[in-house]
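Listed here are the chains, written in short residue letters.
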Amino acid sequence: AAHLAYLGLYALQHRGQEAAGIVSLDHEGAAYSHRGMGLVQDIFPPEVLQKLRGDVAVGHTRYSTTGSSVLANAQPGIANYHGGPLALAHNGNLTNATELREDLVRKGSIFQSTSDSEVIVHLIARSEARQPEDQILDALERVEGAYSLLLTIGRTLYAIVDARGFRPLVLGQLGRGYVLASETCALDIHGAKPVRELQPGEWLKIEDGRVIDLPPLPAKPSRRCIFELIYFSRPDSMVFGESVDRVRRALGHELAREHPAPGADCVFSIPDSSNAMALGFAEESGLKLEHGLIRNHYVGRTFINPGQAARDSKVRIKYNPVRDIIAGRSVVVVDDSVVRGTTSRSLVRMIREAGAREVHFRVASAPIVGPCHYGIDTPTRGELIAATHSLEDIRRHLGVDSLGYLSIEGMHRAAGGGTGRFCDACFTNDYPTAIPTHVQEPREAARSGRA
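Residues numbered from 1 in each chain as written. Predicted model: local features only at pLDDT ≥ 70, side-chain atom pairs only at ≥ 80, totals over all residues. Heavy atoms only, no water.

The next point concerns the sheet that holds strand β3 (residues 56-62). Taken in spatial order, the three strands make up an open sheet running β2-β1-β3, and their pairing is antiparallel. Each of the sheet's edge strands pairs with one partner strand only, and the pair in question is β2 (31-37) and β3. Taken pair by pair, the neighbouring strands of this sheet meet at an average axis angle of 5°, ignoring direction. Both strand β1 (residues 19-25) and β2 contribute to a ladder of seven bridges, which runs antiparallel. In the sheet register, Ile22 faces β2, and the bridge partner there is His34. (Pairing = 2+ DSSP bridges. Helix = DSSP H or I, 4+ residues; strand = E, 2+ residues; numbered from the N terminus. Axes fitted to C-alpha atoms, helices over the stretch in contact; angles between N-to-C directions.)

A few words now on the sheet that holds strand β5 (residues 86-94). Read from one edge to the other, the open sheet built from six strands follows the order β4-β5-β6-β7-β11-β12, with strand pairing classed as antiparallel. The two strands at the open ends of the sheet, each matched to only one other strand, are β4 (77-79) and β12 (210-214). Pairwise comparison of adjacent strand axes, ignoring direction, gives a mean angle of 20° for this sheet. Bridging between strand β11 (residues 203-207) and β12 involves five bridges; their strand directions are antiparallel. Note that in β12 the partner of Leu204 across the bridge is Asp213. Sheet strands in contact with helix α5 (residues 117-126) are β4, β5 and β6 (145-153), and its direction is about 125° off that of β5. (Contact = heavy atoms within 4.5 Å.)

Let's shift gears to the packing of helix α9 (residues 244-258) against helix α16 (residues 408-415). Following both chains from N to C, one finds α9 and α16 inclined at 145°, their axes separated by 8 Å at the closest point. Our pair here, α9 against α16, has a crossing hand that is right-handed. Residue-level contacts link Arg246, Val247, Ala250, Leu251, Glu254 and Glu258 of α9 to Gly410, Met411, Arg413, Ala414 and Ala415 of α16. Tallied by class, residues from the contact of α9 with α16 come to six nonpolar, one polar and four charged. (Left-handed = near helix turned anticlockwise from the far one by under 90°. Nonpolar A, V, L, I, M, F, W, Y, C, P; charged D, E, K, R; others polar.)

The relative placement of two packed helices comes down to the angle between their axes together with the axis-to-axis distance. Their axes nearest at 10 Å, the elements helix α4 (residues 97-106) and α5 cross at an angle of 45°. Relative to α5, the element α4 lies oblique. Note on packing geometry: the crossing formed by α4 with α5 is left-handed. In this structure, α4 uses Ala97, Leu100, Arg101 and Leu104 to contact α5, whose residues at the interface are Val119, His122, Leu123 and Arg126. By residue class, the composition of the contact of α4 with α5 is five nonpolar, one polar and two charged. (Parallel < 35°, antiparallel > 145°, perpendicular 65-115°, else oblique.)

Turning to α16, its buried residues number three or more, namely Gly410, Met411, His412, Ala414 and Ala415. Tucked inside the fold, the buried residues of α16 contact α8 (226-232), β15 (242-243), α9, β23 (422-423) and α17 (425-428). (Buried < 20%, exposed > 50% of the residue type's maximum accessible area, 1.4 Å probe, protein only.)

Ranked by internal contacts, the top residues of the largest apolar core, which has 47 residues, are Ile230, Leu251 and Phe427. Elements with a minimum of two residues in this core: α8, α9, α10 (275-285), β20 (330-335), α16, β23 and α17. Once residues within four sequence positions are removed from consideration, Phe427 is found in contact with Ile226, Phe227, Ile230, Ser365, Ala366, Pro367, Ile368, Val369, Ile408 and Met411. With 28 residues, the next largest nonpolar core counts Ile270, Ala356, Phe361 and Leu398 among its residues. (Core = buried A, V, L, I, M, F, W, Y, C linked by side-chain atoms within 4.5 Å.)

Take the pairing of β6 next. Across the nine residues of β6, nine count as buried, placing the element largely inside the fold. In this structure, β5 lies alongside β6, joined through nine bridges in antiparallel fashion. By the bridge assignment, Asn91 is partnered in β6 with Ser148. Across six bridges, the pairing between β6 and strand β7 (residues 156-161) is antiparallel. Counted as the bridge partner of Leu149 is Ile160 from β7. In sequence, β6 turns back onto β7 through a hairpin of two residues, with Gly154 there showing a positive phi of about 60°.

So, in structure tokens, the structure goes:
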């Protein structure tokens, strides 16, 4: 099972590059655990995987939004529990974690990490209910925000999605066994057959080789994260019932209709998450699609790399212009989003240096004007260029001849749903939950894991 979890984490490496971990359980219920900082391939050499025995395993790859980037916050977390070892992997962010943590500490709880995910473990341990399912429910009744959870108690595996369904979780079948992952691409790597995506509020347990549906959490309005489809998920995945590739291509079509670039010679993407968007823009506009920037695939994703200095230093390592395509031409550059503007500005400068006559920048999402409190690392308004600058200010800052953002309505049309289906709070400041009253400082403010 640990080897299958390892392959799944390999497929989900794009969701987190800071740390990873696997907890496995053997037939007697004994737990084996290994966690490390860095990439999956470096953390789990063959000799480590061989020690993770058993036919039940939970894996996690970490992109932090709550809790500092240190080994103590790597997941899955593991704790001693009277029903057997308890291992927890959490994708999301709890908006009331600070208040809950302070209350638990006052009552004597001792935390081993600064991750919000550990709050759930302490709440389960303090429940006075007798059955594990009731203890889990007691804990979840107190937490607010986004969580897709994989939780083992002994050899029983629980999978739970919060009632608004912010983050994805999919169930697959592999032979006589079952697998769960954030995206279908992690099922594909083992040849597992997708069974279904867990819906908001759905939870189940896998016990003795059987999937048992448990009563759903109290219903709340569905708020799937639209940024999963715009940026976070892999294009070969199905997320929230949608093909990520189809949505991104549709975003490009919408963008070309809203913000054409008459007179431009060609269009190209900032690879890789905007590749399909540039293709859609080219299909709609009739412009020739080119590969104007080449990405070095041995460098990770700049947006989810902790620390602005790390992001800046990686831009020139990560991308290189194809001068023969760019020199003397008017180019349309398509990106999926602009968060802080620093990466985009560096890339535009690079394209200018390669000889572009004009640079028309097109963004296949709306301006990001608010922080995400549900699992994307945009913790303060001060870091978001669109929250504090006008469109013309941003155009001048990027150094482009024209700038166009996709409308919120265009985003929702491309994503295949009305405005009520998705969470778009980072684009609208319309948050579906109460948001934290404390203001976190960027970077090393409380950060959590992503599965």
